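Below are the chains, spelled out letter by letter.
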Amino acid sequence: MTNIVRFAIPLLFFLIPIRSNAQEKFEKESRVLDVELIPGKARLFVDSLRQGNRVKWYKEESQTGISVEAKFRLNKRMYSVEFDTLGRLQDVEVVIAKNEVNPIVLHTIEFHLDSLFTTWNFQKIQMQYKGVDEDVLKSIKGHKPTGNVSTYYEIVLKGRMNSLKNLYEVTVTDGGEIIYVKEIVDKPAEHLEY
Amino acid sequence: MYYVNAQPQLNVGILPSANVNLKLQRGWELNIKYESRHFIYQESQNPEDQFGYDYALSDFTFLAGKKVGINNKVIGGFMLRTEEGSVAYRSIQQFIFSTSGRFRIVHRISTDQTFSSEEDTEFRLRYRISSEFPLDGEKLDAHEFYFKFNNEYLNGIQGGRYDLEIRIIPLLGYMINSKHKIEIGLDNRIDSFLNQETQVTSWIALNWFLSLNNE
């Protein structure tokens, strides 16, 4: 009898109502393998940049809605292109090196980061283009903002604030002004740690 | 002619566990685990004795962890092992560091000391690598399956004798929501192969993880 109890104790936990917090952020990203499911407009845009099957498509669901994302490598750079469900372009992000940021802008960014964090260092810099398809395409091909596109930098950094070290995502204008700082929260990893 | 050693001895059992993790303020956390061992097959000379249910032991583990860097944690605590008629006590020290990339990988270096009235004190130095592979997309979300792979090397010294144990643990997991995860897999432990009495124990692991946040 006692052995059955010992065996069953962990299973009893399953009787605890399994429900998630109503305020919990809902996010779900999944791979889309059947390209036919991708809106034609989105496929057309990506095809004009990158031919072939080396494009990975994802669907991202959250409270704010559903979006479609293409990830691929082009000229040794990682691109991620986001569309809405109708295939309309939302933005393009490309990973760049620190020395590709305009030195004056970089200086401004560093000046602002110094006042925000006691210590910090860059982990990843992404350039984000937003605008009409044609201008964004030209900007990607020419590696610089062309036409009427708005440009932002999305920076991931290790920063120390109030003696606590964390990962942050910082959004910066093309002039180097910080407009948004978000702490990157680790996903629970107790199943890997304990 | 080479001398061919006898087949390693094989044992099979079920290893259910429940693991509760409580996140506290300023990078602190508590982890409580209950695990018990139930043999269902034990290889022996007498074939009639091989099959049969045999409860082995229960472990209660209490650990406290502190984040000491973005990817590092220091953990310490103790475990109580209750077997029929005896209790063993184990003190545990761990350091973990994780690498972020395409897949989540966690490395764990730990030392432990087991004290009991029946046996000599055992000292162990262990290294474990754990990795998680989401089966849909690049990151693990709720209502998604994942594959987890653990590989651990345990060096132990007890009563002047050294032994090495290797664990190879493939698991299939399911994330119910941000709090609950369940896993099923095979916890394979190979030990005593340095002194030619190799034992292979395959546990059917049933894991349940509860993650609570009180930050």
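The structure we're discussing is the one just above.
What you see is a predicted model, and the numbers here were worked out from it, not measured in a lab. (Residues numbered from 1 in each chain as written. Chains lettered and ligands numbered in written order. Predicted model: local features only at pLDDT ≥ 70, side-chain atom pairs only at ≥ 80, totals over all residues. Heavy atoms only, no water.)

Engineer: Lay out the interface of chain A and chain B in plain terms, naming residues and giving numbers.
Structural biologist: Listed by partner, the interface residues are 36 residues for chain A and 53 residues for chain B. Between chain A and chain B the total buried area reaches about 4100 Å² when both faces are included, carbon and sulfur atoms providing 56% of it. For chain A, the biggest contributors to the area lost against chain B are His 191, Leu 192 and Tyr 194 of chain A; these three give 22% of the whole. Counting the contacts that link chain A with chain B gives 5 salt bridges. Here Glu 193 of chain A makes a salt bridge to Lys 73 of chain B, at a shortest N to O gap of 2.8 Å. The interface formed by chain A and chain B holds 19 residue pairs in polar contact (both at pLDDT 80 or more) in total. Looking at the side of chain A that touches chain B, the elements with two or more residues in it are α1 (2–12), β1 (27–32), β8 (164–173) and α5 (190–193) of chain A. When grouped by side-chain class, the residues that make up the side of chain A that touches chain B number 14 nonpolar, 8 polar and 14 charged. (Contact = heavy atoms within 4.5 Å. Buried area = accessible area lost by both parts, 1.4 Å probe. Salt bridge = Lys/Arg side-chain N within 4 Å of Asp/Glu carboxyl O. Polar contact = N/O pair within 3.5 Å; in protein donor to acceptor, adjacent residues only side chain to side chain. Helix = DSSP H or I, 4+ residues; strand = E, 2+ residues; numbered from the N terminus. Nonpolar A, V, L, I, M, F, W, Y, C, P; charged D, E, K, R; others polar.)

Engineer: An account of a positive patch on the surface is requested, with residue identities and associated values reported.
Structural biologist: Taken together, the side chains of Arg 31, Arg 54, Lys 56 and Arg 73 of chain A together with Arg 102 of chain B make up a positively charged region of the molecular surface. Turning to its location among the elements, Arg 73 of chain A is positioned in strand β3 (residues 65–74). (Patch = residues over 30% accessible without salt bridge, like charges linked within 9 Å, V, L, I, M, F, W, Y side chains within 5 Å. Areas by Shrake-Rupley, 256 points an atom, 1.4 Å probe, with all protein chains shown as cover. Lys, Arg positive; Asp, Glu negative; His and termini not counted. Charge placed at Lys NZ, Arg CZ, Asp CG, Glu CD.)

Engineer: Let's hear about the packing of aromatic side chains: which residues, and what values?
Structural biologist: In the structure shown here, the tally under the stated rule is 14 aromatic pairs over all chains. Taken together, the ring pairs in this structure connect Phe 62, Phe 78, Tyr 89 and Phe 115 of chain B into an aromatic cluster. The positively charged end of Lys 71 of chain A is found above the aromatic ring belonging to Tyr 58 of chain A, 5.2 Å away from the centroid. (Phe/Tyr/Trp six-rings, centres within 6.5 Å; stacked < 30°, edge-to-face > 60°. Lys NZ or Arg CZ within 6 Å of the ring centre and 35° of its normal.)

Engineer: Let's hear about helix α4 (residues 133–142) of chain A: which residues, and what values?
Structural biologist: Residue and element names in this part refer to chain A. Here α4 has its buried residues at Asp 135, Val 136, Leu 137, Ser 139 and Ile 140. Buried residues belonging to α4 abut α2 (40–47), β4 (77–84), β5 (89–96) and β6 (119–130). Immediately beyond the C-terminal end of α4, within one or two residues, lies His 143, with a positive phi of roughly 55°. (Buried < 20%, exposed > 50% of the residue type's maximum accessible area, 1.4 Å probe, protein only.)

Engineer: Break down a nonpolar patch on the surface for me, with residues and values.
Structural biologist: Residue and element names in this part refer to chain B. Together, Ile 32, Phe 60, Phe 62, Phe 78, Leu 80, Val 87, Tyr 89 and Phe 115 give the surface a local cluster of nonpolar side chains, amounting to about 650 Å² of exposed area. Those elements that place two or more of their residues in the nonpolar patch are β3 (51–67), β4 (72–83) and β5 (86–99). Its place among the elements puts Phe 78 in strand β4.

Engineer: Break down the pattern of salt bridges for me, citing the residues and quoting the values.
Structural biologist: Side chains carrying opposite charge are able to pair once their charged atoms draw close together. Residue and element names in this part refer to chain B. With the rule as written, the count across this model stands at 22 salt bridges over all chains. Notably, a salt bridge pairs Glu 152 with Arg 126, separated by 2.8 Å at the nearest N-O pair. Of the two residues, Glu 152 is situated in strand β8 (residues 144–158) and Arg 126 in strand β7 (residues 122–134); the sequence distance between them amounts to 26 residues. The buried category is assigned to Arg 126, whose relative accessible area is 11%. Three or more residues are tied together by salt bridges with common partners; here these are Arg 108, Asp 112, Arg 124, Arg 126, Glu 152, Glu 165 and Arg 167.

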